[in-house]
Amino acid sequence: MQAAAAAAAAAREAELAGPLRDLLPPVDFCCAYGSTLLHARPDGSSMVDYILGVADPLQWHAENLERNPAHYSSWIARLGAGAITGLADRIGVGVYFNPFVEWRDKRIKYGVVRMKDLALDVLTWDRFYLSGRLQKPVHVLVDNWDIRKVNTINLEMATSASLLLLPAEFTEYDLYAQICSLSYMGDLRMVFAEDKDKVKKIVEGSFQSFQSMYRPLVQEYISEGILKTSSHGQQKAFQQDCGPSATNELFSVLPWTIQRQAQGKYTLSGKEMPTRAVVSSKDVAASFVRRALRRRVMVSSARQAVSGLLASGGAVAAQYLGKKMAKAWKSRTV
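Along every chain, residues carry numbers that run from 1 in the direction the sequence is written. Since the coordinates come from a predicted model, pLDDT governs what is reported: local features require at least 70, and pairs of side-chain atoms require 80 or more to be given and counted, while whole-chain, interface and lining totals use all residues. As a rule here, side-chain values come from all non-hydrogen atoms in the structure, and water together with hydrogens is ignored.

A. Inspection of the sheet that holds strand 4 (residues 106-114) at higher detail. The mixed open sheet is built from 5 strands, whose spatial order is 3-4-2-1-5. Bordering the open sheet on either side are strand 3 (95-103) and strand 5 (139-143), each of which pairs with just one other strand. The sheet shows a mean angle of 20° between the axes of neighbouring strands, direction not considered. A pair of strands is treated as paired once DSSP finds two or more bridges between them. Counting from the N terminus, the helices are DSSP H or I runs at least four residues long and the strands are E runs at least two residues long. Sheet analysis places strand 1 (residues 29-33) next to strand 5, joined by 4 bridges and oriented antiparallel. Note on strand 5: the bridge partner recorded for Cys30 is Val142. Helix-sheet contacts for helix 1 (residues 2-16) involve strand 1, strand 2 (48-54), strand 3, strand 4 and strand 5, and the interaxial angle to strand 5 is about 60°. Two residues qualify as a contact provided that any one of their heavy atoms is within 4.5 Å of a heavy atom in the partner residue. Only the contacting stretch of a helix is used when fitting its axis, a line to C-alpha atoms as for every element, and angles between N-to-C directions run 0 to 180 degrees. Contacts between helix 6 (residues 115-124) and the sheet are confined to strand 1, strand 2 and strand 4, with strand 4 contributing the most and set at about 85° to the helix.

What follows is the structure, given as C-alpha cells:
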C-alpha cells in the first residue's frame, strides 16, 4: 500500500516536472501549485501553475524567447527580454507570468522571479506576494538555493500573525484557514474575480499538507505555553494565551516591516536601528497585522494585475479574467 502510494507520488512529481525537462530553460527553484493539484480528476480547462526562480531573469527570458516565443504576447516578444524584466520590476512585483501555455495535452501558467527577490519576500514580507503563496502547500520540484529551509521562517511568521488574528479558542481548521487567508487580505481580485470559497477549498483539499507544514511550529508554541490543546468534536482545538507577554512574544516573530508600525521612531546611539517593538494588547497587535497586510496585499495585487494586463495583451488578459470571473460568479450563485 505504502509502496503503491510512493510510486504514484513519484509519477505525479515526474509529470509535474515535465515542462522543466522538455520545455523551459534551467531554473534554480520551481514549485507547482493551483486548484488542479487539489483534485484527483481536474477538469480539462484547469491550469497547473508554476513559480520559477532564476538567478538572472534577463538572461533566462532571452533564452526562453528563442525557445518559446509563442509563450509571450507578440508586442512584448518584439521588445525583448529587457522589456519583459522591466515590466515585471517597475510595474509588477518582480514576477512575470506567461498564462495559457499549451504543453502536450495540458495547459500551464508560469511566473518567473529573480532568486534574490524571492528570498527577500520570503524573509521580510517585503511585497507579501510569493511569500504568501509559499505559506500554502506547494509541490517543490527544484530547490538549488534551499528555499524550503528559508521558508521555515516564513511559516513561523505566518503562524504568529494568524494566532494574533484568531480568538482565544479555535480549531486546527481555523488556524490553517487563517494562515491561508493572510495573502488574500486586501486582494482586490477577491471582490469580483475569485471563488468566494477559495480558502475553504484550499484548506480542505490540502489539510494533511497543512498539518505536515505547521504542526511542528504548533508543537513549539504548546511547549512554550502559548497554546493548549483541547477537543472540539473530531477536530483538534486550541486555547491560546492572550496575555501581554504571549502577545508580544508572537509579535516579535513578525517581520520588522510590521513591527516598526508599533514602534514609531527608534534610535540607538544616535543611529536609526530596529529594536523589539512592544504592543499593549492582543487587539492592538491584531490591528497592526491586519492593516499592514491589507496594505501590502492591495498594492502588490494591483501592481501585478496591471503588469499582467500589459504583458498578456488585451485578448489573453480578457480570457484569463473572464475565466476567473466566471468561477467567482459560479461560487456566489451556488
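B. Here's a closer look at helix 9 (residues 172-181). Each residue gets one of three labels from its accessible area relative to the maximum for its type: buried under 20%, exposed over 50%, partly exposed in between, using a 1.4 Å probe on protein chains only. Here helix 9 lies mainly inside the structure; 7 of its 10 residues are buried. Taken together, the buried positions of helix 9 are occupied by Glu172, Leu175, Tyr176, Ala177, Gln178, Ile179 and Cys180. In this structure, the buried residues of helix 9 make contact with helix 8 (147-165), strand 6 (169-171), helix 11 (198-205), helix 12 (207-223) and strand 8 (235-240).

C. Region of interest: the environment of Ala246. Residue position: Ala246 is located in helix 13 (residues 244-253). Sequence spacing of Ala246 and Leu164 is 82 residues, and the spatial spacing of their C-alpha atoms is 9.7 Å. Leaving out residues up to four positions away in the same chain, Ala246 has contacts with Ile226 and Asp241.

D. A look at a nonpolar patch on the surface. A surface patch of nonpolar side chains, amounting to about 420 Å² of accessible area, comprises Trp75, Leu79, Ile91, Val306 and Leu310. Broken down by secondary-structure element, the contributors of at least two residues to the nonpolar patch are helix 4 (74-79) and helix 15 (282-333). Each patch is built from residues that are more than 30% exposed by relative accessible area and take part in no salt bridge. Like charges join if they lie within 9 Å; nonpolar side chains (Val, Leu, Ile, Met, Phe, Trp, Tyr) join within 5 Å. Using a 1.4 Å probe, accessible areas were evaluated by the Shrake-Rupley method; residue-level cover was limited to the displayed protein chains. Salt bridge, as used here, is a side-chain nitrogen of Lys or Arg placed within 4 Å of a carboxyl oxygen of Asp or Glu.

E. Here's a closer look at unusual backbone geometry. Even without a glycine there, the phi angle at Phe100 is positive, about 55°. Tracing the backbone through its elements, the reader meets Phe100 in strand 3. Positive phi outside glycine occurs at Arg104, with the angle close to 55°. Relative to the helices and strands, Arg104 resides in the loop between strand 3 and strand 4. Here Arg104 falls in the exposed class, since its relative accessible area comes to 60%.

F. Here's a closer look at the side chain of Asp28. On the secondary structure map, Asp28 appears in the loop between helix 2 (18-22) and strand 1. Salt bridges are absent for the buried Asp28, whose nearest opposite-charge side chain, Arg114, sits at 11 Å. Those residues in contact with Asp28 that sit more than four places away from it in its chain are Gly53, Val54, Ala55, Met115, Val142, Asp143, Asn144 and Trp145. Charge assignment in this entry is limited to Lys and Arg as positive and Asp and Glu as negative, and neither His nor the chain termini are counted.

G. Region of the structure containing the packing of aromatic side chains. Within 6.5 Å between ring centres, the rings of Phe, Tyr and Trp (the latter by its six-membered ring) count as paired, and their orientation is classed by plane angle as stacked under 30 degrees, edge-to-face over 60, tilted in between. A complete count under the given rule lists 9 aromatic pairs for this structure. When the centroid spacing of 4.7 Å and the interplanar angle of 55° are considered together, the rings of Trp125 and Phe128 count as tilted. In this pair, the class of Trp125 matches that of Phe128, namely buried. Where Phe210 meets Tyr214, the ring centres are 6.3 Å apart and the plane angle is 20°; that geometry is what we call stacked. Separated by 4 residues within a single helix, Phe210 and Tyr214 lie in helix 12, roughly one turn from each other. Given a relative accessible area of 0%, Phe210 falls into the buried group. Each member of the aromatic cluster is reached from another via a ring pair, and the members are Tyr176, Phe207, Phe210 and Tyr214. The ring of Phe97 has Lys109 sitting right over it, with the charged end atom 5.1 Å from the ring centre. For the cation-ring pair, Lys136 lies above Tyr184, with the distance from its terminal atom to the ring centre recorded as 4.9 Å. Two thresholds decide whether a charge sits over a ring: the Lys NZ or Arg CZ must be within 6 Å of the ring centre and within 35 degrees of the ring normal.

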